[in-house]
Amino acid sequence: MLRLENVSHSFKNGNEVLKVLHNIQFEVQKGEMIALLGSSGSGKSTLLNLMAGLMKPTEGHIYIADQDIVKYGENKLAVFRRKHIGFIFQAYELIPTLTVRENVELPLVFQSVSPSKRRKKAMELLEMTGIGDKAALYPSQLSGGQQQRVSISRSLITEPSVIFADEPTGNLDTKTEEEIIRIMMALNESMNTTFVIVTHEMEVAAQMKKTIMLRDGYLVQPEEYTRPAAGGSKAPNASSLPSGVEVHSEGAGEVS
Ligand SMILES: Nc1ncnc2c1ncn2[C@@H]1O[C@H](COP(=O)(O)OP(=O)(O)OP(=O)(O)O)[C@@H](O)[C@H]1O
Ligand SMILES: [Mg+2]
């Protein structure tokens, strides 16, 4: 479904070159839900933007549905992105002048889907995320958690191969965060959509079956993932990870 081969990325600031990702390599299978973990500045958003085709890596290959998106030109990439990739942002990024339902429908407007079909699909997704009754309201009339449900519904409407979420619960309180994660997990189950979720929160990561960790632009994780060391905002290095501990979705977040 998603495969990275030797992905490196550098930013140029004048004469200075800052390498922020080093030979990143991993695979995500169809229907998997993975957490991308790491401390601030470790390169999570950069990696997510590369995988979502919003930027091109300095080196390497990114395969989505067997297509190397690094090789694509701007136009082809834009078309591919619309069809295969969904994105959920920390700040929801809804359009304030459109209703909740119209926001969810929007990606299909660009695909020339008929208004009645768009509307039906948007309503189905809003029901699935538990805010069908808010369809006619505007984003500003919703709570943060409700706005993020709109954004999740919008990301799903094109039935993308993979959804990338950059700290989707970063602006939410713990209870709402749990609700949003639960919704994404239920959608992952029922629709078999692949999710890659960037998070700072160990509690969020612990609920995913698989976790990938970045530290200073390097991949930390072993292929079969072990539970990250709890506590502290700084990502632990590989040697501090307990080995052989598999993370299961049951008993999530509890370290006994
Ligand atoms: N457009 C840019 N130009 C130059 N440097 C950048 C740019 N974007 C990010 N960086 C640098 O790349 C590194 C990784 O940034 P990135 O945003 O990917 O980190 P992050 O893991 O998402 O952090 P956070 O958890 O704080 O969101 C940082 O050192 C950052 O300063
Ligand atoms: Mg970030």
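Above: the structure in question.
As the structure is a prediction and not an experimental result, all values here were calculated from the model.

### Regarding the overall build of the chain
Helix and strand content of the chain: seven helices and ten strands. Split into buried and exposed, the 256 residues of the chain put 49% on the buried side. Taking contacts inside the chain between residues at least 6 apart in sequence as the whole, the part at least 24 apart equals 66%. For the chain, the exposed area adds up to about 12500 Å²; of that, 48% sits on carbon and sulfur atoms.

### A short note on the pairing of strand β1 (residues 2–13)
Two strands pair when backbone bridges link them, and β1 and strand β2 (residues 16–28) are joined in this way by nine bridges, in the antiparallel orientation. Counted as the bridge partner of L4 is F26 from β2. Count of turn residues in the β1/β2 antiparallel hairpin: two residues, of which G14 carries a positive phi of about 65°. Sheet analysis places β1 next to strand β4 (residues 59–64), joined by five bridges and oriented antiparallel. In the strand pairing of β4, L2 is matched with I64.

### With respect to the packing of aromatic side chains
Tallying each qualifying case throughout the model produces two aromatic pairs. Ring centres of Y72 and F80 lie 5.5 Å apart, and the angle between their planes is 80°; on these two criteria the pair is classed as edge-to-face. Owing to a relative accessible area of 10%, Y72 belongs among the buried residues under this scheme. When the ring centre of Y63 is taken as origin, the NZ or CZ atom of R3, which lies over that ring, is 4.3 Å away.

### Some details on the pairing of strand β7 (residues 162–166)
The element β7 is largely enclosed, with a buried count of five among its five residues. In β7, alternate side chains face the same way, and those of V162, F164 and D166 on one face and I163 and A165 on the other are all buried. Of the strand pairs in this sheet, strand β6 (residues 85–88) and β7 are connected by four bridges, and their pairing is parallel. When the bridges of β7 are listed, G86 appears paired with I163. Handedness of the β-α-β unit built from β7, helix α6 (residues 174–191) and strand β8 (residues 194–199) comes out right-handed.

### Points about the site of ligand 1
Neighbouring ligand 1 are 13 residues, the closest being S40, G41, K44, S45 and T46. Within the side chain of T46, an N or O atom sits 2.6 Å from an oxygen atom of ligand 1. Its free accessible area being 640 Å², ligand 1 has 61% of it covered by the protein chains. Contributing elements (two or more residues each) for the shell around ligand 1: β1 and α1 (44–51). At three residues, the largest contribution of residues to the shell around ligand 1 is made by α1. Residue classes in the shell around ligand 1 are distributed as two nonpolar, nine polar and two charged.

### So, unusual backbone geometry
Backbone geometry at A65 places phi at a positive 45°, although glycine is not the residue there. By the secondary structure assignment, A65 is in the loop between β4 and β5 (67–68). Here A65 falls in the partly exposed class, since its relative accessible area comes to 29%. Unlike most non-glycine residues, S112 shows phi in positive territory, near 50°. Looking at where S112 falls in the secondary structure, it is placed in the loop between α3 (100–109) and α4 (115–128).

### Side note on the packing of α3 against α4
At a minimum axis separation of 9 Å, α3 and α4 run at an interaxial angle of 125°. Here α3 lies oblique to α4, going by the angle between them. Relative to α4, α3 is oriented so that their crossing is right-handed. Contacts between α3 and α4 involve V100, R101, V104, E105, L108 and V109 from the former and R118, R119, K121, A122, M123 and L126 from the latter.

### What to know about the environment of M184
One can find M184 in helix α6. For M184, a relative accessible area of 0% translates into the label buried. Along the sequence, M184 and I152 sit 32 residues apart, while their C-alpha atoms lie 7.9 Å from each other. Beyond its immediate chain neighbours, meaning those up to four positions away, M184 contacts M33, I88, I152, P168, F195 and I197.

Criteria and cut-off values
Residues numbered from 1 in each chain as written. Chains lettered and ligands numbered in written order. Predicted model: local features only at pLDDT ≥ 70, side-chain atom pairs only at ≥ 80, totals over all residues. Heavy atoms only, no water. Helix = DSSP H or I, 4+ residues; strand = E, 2+ residues; numbered from the N terminus. Buried < 20%, exposed > 50% of the residue type's maximum accessible area, 1.4 Å probe, protein only. Contact = heavy atoms within 4.5 Å. Areas by Shrake-Rupley, 256 points an atom, 1.4 Å probe, with all protein chains shown as cover. Pairing = 2+ DSSP bridges. Phe/Tyr/Trp six-rings, centres within 6.5 Å; stacked < 30°, edge-to-face > 60°. Lys NZ or Arg CZ within 6 Å of the ring centre and 35° of its normal. Right-handed = clockwise from strand over helix to strand, strands pointing away. Near = heavy atom within 4 Å. Polar contact = N/O pair within 3.5 Å; in protein donor to acceptor, adjacent residues only side chain to side chain. Nonpolar A, V, L, I, M, F, W, Y, C, P; charged D, E, K, R; others polar. Axes fitted to C-alpha atoms, helices over the stretch in contact; angles between N-to-C directions. Parallel < 35°, antiparallel > 145°, perpendicular 65-115°, else oblique. Left-handed = near helix turned anticlockwise from the far one by under 90°.

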